[in-house]
Amino acid sequence: MSVALKLDDIGVFYRRRASLFNREKHWAIRHVSFEVRSGETLGVIGRNGAGKSTLLKILAGILAPDEGTVIREVATASLLTINLGFLPNLSGVDNAILSGMLMGLSKSMIREKLPQIIEFSELGDAINDPFKTYSAGMKARLGFGVAFAADPDIILIDEVLGVGDREFRLKSTRAMKEKITSDKTVVVVSHNEPLSRETCDRLVWIEDWMVVATGDVDPILADYARPRSER
Amino acid sequence: MNYLDIILYKTWADLRSEASRAYIGFLWWFIEPVLYMGAFYLLFGLGLRMGGDNFVHFLLCGLVPWKWFSSSVSSGSRSIAANTGLINQVYLPKYILPTIVVLTNLAKFLVILPVLVVVLLVGGEDISVHWFALILLILLQFFLIWSLACFTSAIVPFVPDLKYLIENGLLLLMFLSGVFFDINRLDGDIAVALSYNPVALLIQAYRDVLLANQWPSVSTLVYVGGFSIVPAALSWWLFSRLDKKFVKVI
């Protein structure tokens, strides 16, 4: 399988305030190397504060690492976000266009995809109403519709996006799984072990700002489940 | 990717969103400046009777460009810090954020400007060919505002304390820009100091054009343009270095 994106010895530090004029470096991740292969679903697991969000920002190209290099073989890698940049006073259509453009679609591309977005979101004529009048479920459906239409080369998913009513949750999970199991390249960051087991081809396990293990799902999950002292 | 499209669409969306927040929507872009000018008319034109009609016109020619300048720089400086959610979710070149703010403010200024022109004409000022110079003044002021907004927006996320300084700095600058008085009437060191203030020079130029029917002085135009290049160049340098570091601090 060809490599879609490669991290080589990545490090990111934040500066924490120690005293008024003194800030100390604090590494969020360091010496992290792994690759994302085309068409695979790669899971990133790790406990809270292990540096997963920082890693996602690196993969998405939002944050440049302080050490190491990122090699990109594909054009776009972006976070699956819902309701990105939505303005409450604008209509569903205007928000879909705005959000789609922020996600990297051209205006004409997003216009082409509008029927598909409206259909997915099941909003019908309400698509022309102001976004603030929508129920939570309607907001989530529109958000998902736009997010799925954006369709970057690598989709980055942070945790499970459980929103909306039950029926829609099933639908969005199904749509997400479709993406994940298709030959789309996906990186999922998650605590959710069953989801990782079910959907991921490989795992990267991050702990204390470093990669602990990379490879097949089952052995890593088995290790991950064990308490620290027994490892 | 075409960022110009994003800039324009987002500018339009922000304007539209702002307009639909109130019952009478974008009419407020007219009414608010009219009330604003009206307050000064009441105070100086009718109340204090300082210098009669001419002073009111003098004041308005200073206030309108000043208000454009100060609200753009003030909201522009906060534009990156205020979009934490957006820039943590998607990569956008950061310069587009102050640019959008500056453009929405330009649009509002372009609504106010005709109001000012009407007020001046009704008040007895004569229109002349010199008024075409307004186009040049507006372009220059836009460049000055844009470069300052970009520069401050790049720094504020790293030095949040600067926000407070900028607000107070703008207040001080208002008094140093000859909004309320004619900088030519000052003498001594203060006059020399103010003659380096690009905002004071711009306001002076607006008055030359609108009230005295004169062409703005070439040295003013060159100076304001040259002055604006400094923050523009610094912004370019900062953005090229920091573009993907902002998310660390906000």
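These figures come from a predicted structure and were not determined experimentally.

**Quick notes on the overall build of chain A**
Point 1. Each helix and strand counted, chain A has 7 helices and 9 strands in total.
Point 2. Overall, the C-alpha framework of chain A stretches about 55 × 45 × 35 Å when taken along its three principal axes.
Point 3. Here chain A holds 231 residues, and the buried ones make up 42% of them.
Point 4. In chain A, of all internal contacts separated by at least 6 residues, the share reaching a separation of at least 24 is 68%.

**A closer look at the interface of chain B and chain A**
It is common to give the size of an interface as the accessible area that goes away when the parts come together.
Point 1. Between chain B and chain A, the contact holds 20 residues from the first and 24 residues from the second.
Point 2. Ranked by residues supplied to the side of chain B that touches chain A, first place goes to helix 1 (residues 3-19) of chain B with 7 residues.

**What to know about the packing of helix 2 (residues 92-102) of chain A against helix 1 of chain B**
Point 1. The N-to-C vectors of helix 2 of chain A and helix 1 of chain B enclose an angle of 150°; their axes lie 10 Å apart at closest approach. Remark: the crossing between helix 2 of chain A and helix 1 of chain B carries left-handed chirality. Each of A:D94, A:I97, A:L98, A:M101 and A:L102 in helix 2 of chain A lies in contact with helix 1 of chain B, whose residues at this interface are B:D5, B:I6, B:Y9, B:K10 and B:A13.
Point 2. Taken together, the residues that form the contact of helix 2 of chain A with helix 1 of chain B break down as 7 nonpolar, no polar and 3 charged.

**Considerations on the domain arrangement of chain A**
Residue and element names in this part refer to chain A.
Point 1. Per the domain assignment, the segments making up chain A are domain 1 (3-17 + 25-76 + 187-230) and domain 2 (79-184).
Point 2. The C-alpha-based centres of domain 1 and domain 2 are spaced at 26 Å.
Point 3. Listed as interface residues are 18 residues of domain 1 and, on the opposing side, 14 residues of domain 2.
Point 4. Of all the secondary structure elements, the ones that give two or more residues to the side of domain 1 that touches domain 2 are strand 1 (3-19), helix 1 (52-60), strand 7 (185-189) and helix 6 (193-199).
Point 5. Its residues assigned to classes, the side of domain 1 that touches domain 2 shows 12 nonpolar, 6 polar and no charged.

**Structural notes on the sheet that holds strand 5 (residues 77-79) of chain A**
All names here are of chain A.
Point 1. The strand order across the open sheet built from 6 strands is 5-6-7-3-8-9, with neighbouring strands paired in mixed fashion. The open sheet has two edge strands, strand 5 and strand 9 (210-215), and neither has a second partner. Mean inter-strand twist for the sheet, computed between neighbouring axes without regard to direction, equals 20°.
Point 2. Sheet topology places strand 3 (residues 41-45) next to strand 8 (residues 202-207); 4 bridges connect them, and they run parallel. Paired with I45 across the strands is W205, a residue of strand 8.
Point 3. Contacting strand 3, strand 8 and strand 9, helix 7 (residues 217-225) crosses the sheet at an angle of about 25° to strand 8.

**Let's talk about helix 10 (residues 218-242) of chain B**
Residue and element names in this part refer to chain B.
Point 1. When the terminal C-alpha atoms of helix 10 are compared, their 36 Å separation across 25 residues agrees well with the 36 Å that a helix rising 1.5 Å per residue should span.
Point 2. Where helix 10 is concerned, the buried positions are V224, F227, S228 and S235.
Point 3. On its buried face, helix 10 is in contact with helix 6 (133-155) and helix 9 (198-210).

**Section: the nonpolar core**
Here is a general trend for soluble globular proteins: nonpolar side chains tend to be buried in one another's company.
Point 1. The biggest cluster of nonpolar side chains holds 123 residues, and the ones touching the most others in it are A:L59, A:L156, A:V187 and B:L202.
Point 2. Taken domain by domain, the makeup of this core includes at least three residues from each of domain 1 (3-17 + 25-76 + 187-230) and domain 2 (79-184) of chain A.
Point 3. The contacts of A:L156, once residues within four sequence positions are left out, are A:L56, A:L59, A:A60, A:A77, A:S78, A:L79, A:L80 and A:V187.

**Thoughts on the sheet that holds strand 4 (residues 67-72) of chain A**
Residues and elements named next belong to chain A.
Point 1. Spatial ordering of the open sheet is given by 2-1-4, a layout of 3 strands whose pairing is antiparallel. Both outer strands of the open sheet, strand 2 (22-37) and strand 4, are each paired with one neighbouring strand and no more. Put simply, the sheet's adjacent strands are angled 25° from each other on average, direction ignored.
Point 2. Contacting strand 1, strand 2 and strand 4, helix 1 crosses the sheet at an angle of about 130° to strand 1.

**Focus on the environment of A:A175**
Point 1. Mapped onto the fold, A:A175 is located in helix 5 (residues 166-181).
Point 2. Considering only alpha carbons, one finds A:A175 and A:I62, 113 residues apart in sequence, at a separation of 25 Å.

**Considering the confidence of the model for chain B**
Where the model shows low pLDDT, its predicted coordinates should not be examined in detail.
Residue and element names in this part refer to chain B.
Point 1. Of all residues in chain B, 97% attain a pLDDT of 70 or more, and the chain-wide mean is 90.
Point 2. The secondary structure element of chain B with the lowest average pLDDT is helix 2 (residues 27-47), at 80, and the one with the highest is helix 6, at 97.
Point 3. Two numbers describe this predicted complex: its pTM, 0.90, and its ipTM, 0.87.

**Description of helix 1 of chain A**
Residue and element names in this part refer to chain A.
Point 1. Within helix 1, 8 of the 9 residues are buried, leaving the element largely enclosed by the surrounding structure.
Point 2. For helix 1, the complete set of buried residues consists of K52, T54, L55, L56, K57, I58, L59 and A60.
Point 3. Once helix 1 finishes, G61 follows within two positions and takes phi at roughly 75°, a positive value.

**A few points about the pairing of strand 6 (residues 154-158) of chain A**
Residues and elements named next belong to chain A.
Point 1. Of all 5 residues that make up strand 6, 4 are buried, and the element is covered over most of its length.
Point 2. Where strand 5 and strand 6 come together, 3 bridges link them in parallel fashion. Looking at the pairing, S78 lines up with I155 of strand 6.
Point 3. Both strand 6 and strand 7 contribute to a ladder of 5 bridges, which runs parallel. Along strand 7, the bridge assignment pairs D158 with V189.

Cut-offs and rules
Residues numbered from 1 in each chain as written. Chains lettered and ligands numbered in written order. Predicted model: local features only at pLDDT ≥ 70, side-chain atom pairs only at ≥ 80, totals over all residues. Helix = DSSP H or I, 4+ residues; strand = E, 2+ residues; numbered from the N terminus. Buried ≥ 20, exposed ≤ 12 C-beta atoms within 10 Å, placed from the backbone. Contact = placed C-beta atoms within 7 Å. Axes fitted to C-alpha atoms, helices over the stretch in contact; angles between N-to-C directions. Left-handed = near helix turned anticlockwise from the far one by under 90°. Nonpolar A, V, L, I, M, F, W, Y, C, P; charged D, E, K, R; others polar. Domains from an automatic or database assignment. Pairing = 2+ DSSP bridges. Expected span 1.5 Å × (residues − 1). Core = buried A, V, L, I, M, F, W, Y, C linked by C-beta atoms within 7 Å. pLDDT = per-residue confidence, 0-100.

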